[in-house]
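If you want the building blocks of each chain, they are given just below.
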Amino acid sequence: MPRRKRNAGSSSDATGDSDDSVEHEKTDSSQSDGNTRANTRMTRASLRLSQSSQDAPPDVKQVVDRDESPPRTPTGNAQSSESDIDVSSPSASHDESHAKDPSQKDSDSDPSHRPKRRRFHESYNFNMKCPTPGCNSLGHLTGKHERHFSISGCPLYHNLSADECKSVQVKAIDRDKQDEERSQSQTEESRHATRHQAPTPRQVRYKEKVVEMRRKRDSPLAKEQKEKNMEHRQSHGTTREPLLENITSEYDLELFRKAQARASEDLEKLRLQGQITEGSNMIKTIVFGRYELDTWYHSPYPEEYARLGRLYVCEFCLKYMKSQTILRRHMAKCVWKHPPGDEVYRKGAISVFEVDGKKNKIYCQNLCLLAKLFLDHKTLYYDVEPFLFYVMTEADNTGCHLVGYFSKEKNSFLNYNVSCILTMPQYMRQGYGKMLIDFSYLLSKVEEKVGSPERPLSDLGLISYRSYWKEVLLRYMYNFQGKEISIKEISQETAVNPVDIVSTLQSLQMLKYWKGKHLVLKRQDLIDEWKAKENKRGSKTIDPSSLKWTPPKGT
C-alpha cells in the first residue's frame, strides 16, 4: 500500500505513526527475507572467507573486516548494501527486492552466468586409454601435454619416451627462438635491399650440409640394421611405428618428426575445443572378413566401441564387436550368409539384394555406421525406415561378401535415384562403383523415370559419376547413326538427367553455341580413345536381362 508523506515541521496523528511502523516492519521483513535468500546463495569461497575472519585474532579480524568486499552472488555481482537502498521509500525497496528475486533465480538456473572454476586436467577423461598396447597414456609426442588418448600423440607408438619428447620440445623451442631472432635481424638489414637478393653465406653452408647428409644416405642399409628392423616388426607388428633411424637423412627425419608433432598438436587443439569429441576418431582399423581396413572418417558408434583402436565387424550381419574372440564365437553361431531382403539381380558371382529399411532396421543402421567410416558427408545413421538399400555382393563358397551398396528414398519428389553410395575400400578401382551407378539408372529405366544422384556428392562420388556420365555419352554417340542429336532423346534412353548431360558435354568440350543455337559436336577422337580403353580394360557391366525386379508400390 502507498505510504503517506510527512512534511517537515508538521505533526502526525497516531494513525500515521502506526501506519509508518507497519510499513517499516514490512520493509524490515522484506529486507530480512532478501538477506536470508542472499545468504543461502553465498558461494563456498565467501563462506570460507567469513569463517577464516571469525577464527582470526582480533587485530587481524579488524583488517579482514575492513578490506573484505561484500560476498558475491552467483552472477558475479556484489550484493546491494543498505546504503544503496532508498530508506525514504520502503515500498520502493520492497518492490525492488521482489523485482530482483526472479532475475537472481534465473541466474542460478542458468549455468552460463555461474563463475567458472579452473580444474586440473579438466579436459581429460581418465576413463579413456591410449589404444597402444602397454601404454599408460602418460606423456605426449609434442612434449606439451601430460596425457594422450590417441595413437597420433603416443610416444610409445613412435618408439620414444615421454622424457625424450619433452627434451625434443625444449630443443625445438630454443631453435625457433634463434630462427626468429635471425629472421628479424635479416628483415631489418634487407628492408631497403632489392627484391631478389642472393642467399646469405650461412644459408649456402646449411644447404651444402643438407645435400651432403642426403648423399650419405644413398647407400643401402647395413645387415644389422635390417635384422633390427625385422625383429622390431615381428615383435610389435602394426602396434608400433617402424624404426626410422638410418632410413633417411637426419635432416629429413627431423622434418618428418616435426610434421608428426604438428599434426598431433592440431588434433589435440580440436579435441580441447570440442570439435573432436572424446572417443571420436579412435577407431583406426576394422577387421572385416579376411581384410583389415584403415578407416578414413569418424563414425558415431557407441562410446564403449568408439574408444577402441580396432573394431571387429561380421561381414554378413554387420554386427560390431570388441575383440577377436567375440567375433570368432559369433561367426560360429551366425547363420547369415547373405544380406536380408530379396535378391533382385544375379549374374555369375555378382548379386544385388533389396533391403527395406523398415523391415530390416538393425542391419541398415549397422550398414550406415560402417559406411560413415569411409564417407565424409554422410549424415543418415539411424532414420533408415524411409529408404531402400541395394546391397551388391560377390559370392564364393563361404557366402556373399559385401562389395558396396547404394540407398534411395522410397518416395523422392525430386526423382533422386541415389541418396548414398559406397564401394568398400578392398573393392575400389575394380569397376564395382560404375556397376552400382549403372544399376541405379537401370532401376530408373524400369520405373520410366529420369534419375539423378542426391547432392552434395562426395569427392570420390563426384569423380565416379563424371566418369560414368562420360562413358554413357560416348557409348551413345558411338552407336548413334543419325544426323541430329537431341539431349532429350539421350536423357530418355539413358535415364540421365538433362542437367547432368549438359554439364558432361561442356566438360568434354562437345557443346558449342553457334548462330543462336546450341550444337552437340561428335568428337571422334574422344570416342576412339574411349573404345580403345574399353576393349583393353574389359570393364564390368550390368546385364538388364538378369534383373528380376518390379517397382515398389507407391513410388
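Here the structure is shown first, and the text comes after it.
The model shown is predicted, which means the values in this text are computed figures rather than measured ones. (Residues numbered from 1 in each chain as written. Predicted model: local features only at pLDDT ≥ 70, side-chain atom pairs only at ≥ 80, totals over all residues. Heavy atoms only, no water.)

**Remarks on the overall build of the chain**
Step number 1: Looking only at helices and strands, the chain features 16 helices and 13 strands.
Step number 2: Split into buried and exposed, the 555 residues of the chain put 34% on the buried side.
Step number 3: Here the contacts in the chain between residues at least 6 apart in sequence split such that 56% fall between residues at least 24 apart.
Step number 4: In the form shown here, the chain has an accessible surface area of approximately 35600 Å², with 51% of it arising from carbon and sulfur atoms. (Helix = DSSP H or I, 4+ residues; strand = E, 2+ residues; numbered from the N terminus. Buried < 20%, exposed > 50% of the residue type's maximum accessible area, 1.4 Å probe, protein only. Contact = heavy atoms within 4.5 Å. Areas by Shrake-Rupley, 256 points an atom, 1.4 Å probe, with all protein chains shown as cover.)

**Here we look at the sheet that holds strand E10 (residues 420–423)**
Step number 1: The antiparallel open sheet is built from five strands, whose spatial order is E5-E6-E7-E8-E10. Both edges of this open sheet fall to strand E5 (342–347) and E10, since each of them pairs with a single strand only. Direction aside, the axes of adjacent strands within the sheet are offset by 20 degrees on average. (Pairing = 2+ DSSP bridges. Axes fitted to C-alpha atoms, helices over the stretch in contact; angles between N-to-C directions.)

**Let's talk about the packing of helix H13 (residues 459–479) against helix H15 (residues 498–507)**
Step number 1: Two numbers describe how H13 lies on H15: the axes approach to 10 Å, and their chain directions differ by 85 degrees. Taken together, the axes of H13 and H15 are roughly perpendicular relative to one another. Contacts between H13 and H15 pair Trp469, Lys470, Leu473 and Met477 from the former with Asp500, Ile501, Thr504 and Leu505 from the latter.
Step number 2: Classifying every residue of the contact of H13 with H15 by side-chain character gives five nonpolar, one polar and two charged. (Parallel < 35°, antiparallel > 145°, perpendicular 65-115°, else oblique. Nonpolar A, V, L, I, M, F, W, Y, C, P; charged D, E, K, R; others polar.)

**Overview of the pattern of salt bridges**
Step number 1: Enumeration according to the criterion identifies 15 salt bridges in this entry.
Step number 2: We note a salt bridge from Lys408 to Glu447, for which the minimum N-O separation is 3.5 Å. Taken as a pair, Lys408 in strand E8 (residues 399–409) and Glu447 in helix H12 (residues 432–447) lie far apart in primary sequence, 39 residues in all. Comparing Lys408 with Glu447, the two get one shared label, buried.
Step number 3: Of the charged contacts, one joins Arg475 and Glu471 as a salt bridge, the two residues approaching to 2.8 Å between their closest N and O atoms. (Salt bridge = Lys/Arg side-chain N within 4 Å of Asp/Glu carboxyl O.)

**Quick word on the packing of aromatic side chains**
Step number 1: Tallying each qualifying case throughout the model produces 15 aromatic pairs.
Step number 2: On the basis of an interplanar angle of 80 degrees and a centroid distance of 4.8 Å, the ring pair of Tyr301 and Tyr320 is categorised as edge-to-face. Residue Tyr301 is found in the loop between strand E2 (291–294) and helix H9 (303–306), and its partner Tyr320 is found in strand E4 (residues 320–321); the two are separated by 19 residues along the sequence. The pair Tyr301 / Tyr320 is uniform in exposure class, with both members buried.
Step number 3: With a centroid separation of 5.9 Å and an interplanar angle of 35 degrees, the aromatic rings of Trp336 and Tyr363 are classed as tilted. In this pair, Trp336 is assigned in the loop between helix H10 (324–333) and E5 and Tyr363 in helix H11 (residues 361–372), connecting sequence segments 27 residues apart.
Step number 4: With relative accessibility at 5%, the residue Tyr363 sits in the buried group.
Step number 5: Among the aromatic side chains, those forming a connected cluster through ring pairs are Tyr345, Tyr390, Phe406 and Phe439. (Phe/Tyr/Trp six-rings, centres within 6.5 Å; stacked < 30°, edge-to-face > 60°.)

**Examining the sheet that holds E4**
Step number 1: Strand order in the open sheet formed by four strands is E2-E1-E3-E4, with mixed pairing between adjacent strands. For this open sheet the edge positions go to E2 and E4, each flanked by a neighbour on one side alone.
Step number 2: Note: strand E1 (residues 285–288) against E2, four bridges, orientation antiparallel. Opposite Thr285, over in E2, you have Asp294 as the bridge partner.

**So, H12**
In an α-helix, one turn spans 3.6 residues, which is why side chains three or four residues apart end up on the same side.
Step number 1: Over its 16 residues, H12 extends 23 Å from the first C-alpha to the last, a length consistent with the 22 Å expected when each residue adds 1.5 Å.
Step number 2: Those residues of H12 that sit buried are Tyr432, Met435, Leu436, Ile437, Phe439, Ser440, Tyr441, Leu442, Leu443, Ser444 and Glu447. (Expected span 1.5 Å × (residues − 1).)

**Description of a negative patch on the surface**
Step number 1: On the surface, Asp174, Asp176, Glu180 and Glu181 cluster together into a negatively charged patch.
Step number 2: Tracing the sequence through the fold places Glu181 in helix H5 (residues 162–189).
Step number 3: Judged by relative accessible area, Glu181 falls into the exposed class, the value being 56%. (Patch = residues over 30% accessible without salt bridge, like charges linked within 9 Å, V, L, I, M, F, W, Y side chains within 5 Å. Lys, Arg positive; Asp, Glu negative; His and termini not counted. Charge placed at Lys NZ, Arg CZ, Asp CG, Glu CD.)

**Some points on the environment of Ser507**
Step number 1: Looking at where Ser507 falls in the secondary structure, it is placed in helix H15.
Step number 2: With 41 residues separating them in the primary sequence, Ser507 and Arg466 have C-alpha atoms 9.3 Å apart.
Step number 3: A polar contact of 2.7 Å, which involves the side chain of Ser507, links it to the backbone oxygen of Thr504. (Polar contact = N/O pair within 3.5 Å; in protein donor to acceptor, adjacent residues only side chain to side chain.)

**Some thoughts on the side chain of Thr423**
Step number 1: With respect to the helices and strands, the residue Thr423 is situated in strand E10.
Step number 2: When its relative accessible area of 12% is taken as the criterion, Thr423 is described as buried.
Step number 3: Sequence-distant contacts of Thr423, defined by excluding residues within four places in its chain, comprise Val403, Gly404, Met428, Tyr432, Gly433 and Leu436.

**Focus on a nonpolar patch on the surface**
Step number 1: The grouping of Trp296, Tyr297, Leu460 and Ile463 at the surface amounts to a nonpolar patch, some 400 Å² of accessible area in total.
Step number 2: By the element assignment, Trp296 lies in the loop between E2 and H9.
Step number 3: Residue classification places Trp296 among the partly exposed positions, given a relative accessible area of 38%.

**Quick word on the environment of Leu367**
Step number 1: Following the sequence through the fold, Leu367 ends up in helix H11.
Step number 2: In this structure Leu367 comes out as buried when scored by relative accessible area, which is 2%.
Step number 3: For the pair formed by Leu367 and Lys319, sequence separation is 48 residues and the distance between their alpha carbons is 9.2 Å.
Step number 4: Apart from the residues within four sequence positions on either side, Leu367 is in contact with Leu318, Phe389, Val391, Leu402 and Tyr405.

**A look at a positive patch on the surface**
Step number 1: There is a patch of like positive charges on the surface, built from Lys319, Arg328, Arg329 and Lys333.
Step number 2: With respect to the helices, strands and loops of the structure, Lys319 is situated in the loop between strand E3 (310–313) and E4.

**Some words on the packing of H13 against helix H16 (residues 524–537)**
Step number 1: Where H13 meets H16, the axes come as close as 10 Å, and the angle between the chain directions of the two elements is 105 degrees. Looking at the two axes, H13 sits roughly perpendicular to H16. In this structure, H13 uses Glu471, Leu474, Arg475, Met477 and Tyr478 to contact H16, whose residues at the interface are Leu526, Ile527, Trp530, Lys531 and Glu534.
Step number 2: Partitioning the contact of H13 with H16 into residue classes produces six nonpolar, no polar and four charged.

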